Amino acid sequence: MSAIDDLAAAAARYAAGFDKGDLPAPPARRVAVVTCMDARILTSRLLGLEEGDAHVIRNAGGRVQDALRSLVVSQRLLGTNEVMVIHHSGCGMRGLTDDAVRSAVREDLGADDGGLAYLGFDDVEQSVRDDVAFLRDSPLIDPGAVIRGFVYDEKTGRLTDVA
């Protein structure tokens with residue numbers, strides 16, 4: 001059985017007891033969280049979220065530039081007015097360069113990535129500050145939105161406010 005088969009079976013078990021089909025689409029807490037896709041971060045457990053509480057947008061590094069489209073929809077169409085940015089201490093994007101990823105794609109797949117920006121960084125706290133500043137400066141984000149940034153330490157489980 002593949003990992004996907006296991007996950008589909010878990011989804012069937014979840015659906016058997018599912019009783020939250022009447023939740024509205026707009027998140028109850030009016031917050032969007034942008035964080036890394038790292039499997040060690042269970043955002044709902046970390047933040048005490050339940051179904052319907054928040055939009056959680058995940059990508060490599062938790063970079064907001066990559067999440068901007070989703071944040072615009074979250075704010076304009078679904079009423080969120082806060083954004084929480086969470087990067088983490090042991091992120092694989094630390095030290096990553098666009099050239100290194102492009103080279104791997106060419107070598108492994110024989111493909112051109114079309115100039116994607118992979119948004120690697122060297123300093124995790126600075127990457128959070130940069131992302132918070134990007135959102136605050138963006139004309140696509142509500143200027144009255146509360147935007148804050150944090151670093152999660154996956155070794156201790158602690159969340160540190162940095163921006």
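Residues numbered from 1 in each chain as written. Predicted model: local features only at pLDDT ≥ 70, side-chain atom pairs only at ≥ 80, totals over all residues. Heavy atoms only, no water.

Participant: How would you explain the sheet that holds strand E1 (residues 31–36) if you had to name every residue and give the values?
Facilitator: On the basis of which strands lie adjacent, the open sheet formed by five strands has the order E2-E1-E3-E4-E5 and mixed pairing. Every interior strand has two partners, whereas the edge strands, strand E2 (54–59) and strand E5 (158–161), have only one. Adjacent strand axes in the sheet meet at a mean angle of 25° when their direction is disregarded. As paired strands, strand E4 (residues 146–153) and E5 are joined by four bridges and run antiparallel to one another. Among the inter-strand pairings, Val151 is bridged to a residue of E5, identified as Thr160. Contacting E1, E2 and strand E3 (82–88), helix H3 (residues 64–78) crosses the sheet at an angle of about 165° to E2. (Pairing = 2+ DSSP bridges. Helix = DSSP H or I, 4+ residues; strand = E, 2+ residues; numbered from the N terminus. Axes fitted to C-alpha atoms, helices over the stretch in contact; angles between N-to-C directions. Contact = heavy atoms within 4.5 Å.)

Participant: If you had to explain the packing of aromatic side chains to someone new, which residues and values would you point to?
Facilitator: Applying the stated rule across the entire model yields one aromatic pair. Relative to Phe18, the ring of Tyr14 lies with its centre 5.5 Å away and its plane at 50°, an arrangement referred to as tilted. The exposure class of Phe18 is partly exposed, given its relative accessible area of 41%. (Phe/Tyr/Trp six-rings, centres within 6.5 Å; stacked < 30°, edge-to-face > 60°. Buried < 20%, exposed > 50% of the residue type's maximum accessible area, 1.4 Å probe, protein only.)

Participant: Describe the side chain of His87, with residues and values.
Facilitator: Take His87: it is sitting in strand E3. Among the polar contacts made by the side chain of His87, one reaches the side chain of Asp131 at a distance of 3.0 Å. Each residue touching His87, except ones within four places of it in the same chain, is listed here: Gly61, Gly62, Arg63, Val124, Ser127, Val128, Asp131, Phe150, Val151 and Tyr152. (Polar contact = N/O pair within 3.5 Å; in protein donor to acceptor, adjacent residues only side chain to side chain.)

Participant: How would you summarise the nonpolar core if you had to cite specific residues and measurements?
Facilitator: In terms of nonpolar packing, the biggest core is built from 31 residues, with Val34, Leu71, Val83, Leu135, Ile141 and Ile147 touching the most fellow members. Elements that contribute at least two residues to this core include exactly E1, H3, E3, helix H4 (98–109), helix H5 (124–137) and E4. Setting aside chain neighbours within four positions, we find Ile147 in contact with Val83, Val132, Leu135, Arg136 and Ile141. (Core = buried A, V, L, I, M, F, W, Y, C linked by side-chain atoms within 4.5 Å.)

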